[in-house]
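Okay, here's what each chain looks like letter by letter:
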Amino acid sequence: MWKCPKCGRSFKKENQSHYCGKAPETVDEYILAQDEGIRDQLLSIRSVLKSELPDATEKISWSMPTYWKGHNIIHFAAAKKHIGLYPGPEAVEHFAEKLDQAGCPYSKGAIRIPCSVELPLSLIAEIAAWCRDTGNHP
Ligand SMILES: [Zn+2]
């Protein structure tokens, strides 16, 4: 176990990266808490999701920005060298080929958008619309 000297939270891994201090309660707070270098990308993703999911509620769920309408539709999260997008396993399967083309690795339910690739905003829009139209993808 490793205990962060700043916030006192305990983690399995030493120097586990995490948000020190009070957990963000809104997506604005979440984005502001991230490294400056990644904020623009997060804001772009957010604006795509908001325009594809205009009637979804934006909130923090599982410590991630989340779009919710009766159930969680999609989450995203910032990491050091990538942004995670979590549309559920079916969506990932459905878009596997396009994700390969965009240079984004993926695993069950999770897509990694490396900071080194151009943000695939139209693909993100397509994925969000697919999640919106096909229902529940926890
Ligand atoms: Zn800490």
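Predicted model only: the values in this text are computed from it and were never measured. (Residues numbered from 1 in each chain as written. Predicted model: local features only at pLDDT ≥ 70, side-chain atom pairs only at ≥ 80, totals over all residues. Heavy atoms only, no water.)

Draft legend 1. Just the sheet that holds strand β6 (residues 82-86), in detail. The strand order across the open sheet formed by six strands is β3-β4-β5-β6-β8-β7, and the pairing between neighbours is antiparallel. If you trace the sheet from one side to the other, it starts and ends with β3 (57-61) and β7 (106-107), each paired once. Relative to strand β5 (residues 72-78), strand β4 (residues 64-68) runs antiparallel, the two being bridged by three bridges. Note on β5: the bridge partner recorded for Tyr67 is Ile74. In the packing of helix α2 (residues 36-52) onto the sheet, contacts are made with β3, β4, β5, β6 and β8 (110-114), and the angle to β5 comes to roughly 170°. (Pairing = 2+ DSSP bridges. Helix = DSSP H or I, 4+ residues; strand = E, 2+ residues; numbered from the N terminus. Contact = heavy atoms within 4.5 Å. Axes fitted to C-alpha atoms, helices over the stretch in contact; angles between N-to-C directions.)

Draft legend 2. Representation of the nonpolar core. Residues Leu49, Ile113 and Ile127 are the most contacted members of the largest nonpolar core, which totals 34 residues. Contributing elements (two or more residues each) for this core: α1 (27-32), α2, β4, β5, β6, α3 (89-94), β8 and α5 (121-134). Counting residues per element, this core draws most heavily on α5, which supplies seven residues. Setting aside residues up to four positions removed in sequence, Ile113 forms contacts with Ile45, Lys81, His82, Ile83, Leu85, Cys104, Leu119, Pro120 and Ile124. (Core = buried A, V, L, I, M, F, W, Y, C linked by side-chain atoms within 4.5 Å. Buried < 20%, exposed > 50% of the residue type's maximum accessible area, 1.4 Å probe, protein only.)

Draft legend 3. View of the packing of aromatic side chains. The tally for this structure, following the rule as stated, stands at two aromatic pairs. Arranged with centres 6.1 Å apart and planes meeting at 35°, the rings of Trp2 and Phe11 form a pair that is tilted. The exposure class assigned to Phe11 is buried, which follows from its relative accessible area of 13%. Residues Phe95 and Trp130 carry aromatic rings whose centres are separated by 6.1 Å and whose planes lie at 85° to one another, so their mutual orientation is edge-to-face. Of the two residues, Phe95 sits in the loop between α3 and α4 (96-102) while Trp130 sits in helix α5, which places them 35 residues apart along the sequence. Each member of the pair, Phe95 together with Trp130, is buried. (Phe/Tyr/Trp six-rings, centres within 6.5 Å; stacked < 30°, edge-to-face > 60°.)

Draft legend 4. Main features of the environment of Glu58. Within the secondary structure, Glu58 sits in strand β3. Taking the C-alpha atoms as reference points, Glu58 and Lys69, 11 residues apart in sequence, are found 9.0 Å from one another. Side-chain polar atoms of Glu58 contact the side chain of Arg46, separated by 2.9 Å. Of note is the side chain of Glu58, whose polar atom sits 2.5 Å from the side chain of Tyr67. (Polar contact = N/O pair within 3.5 Å; in protein donor to acceptor, adjacent residues only side chain to side chain.)

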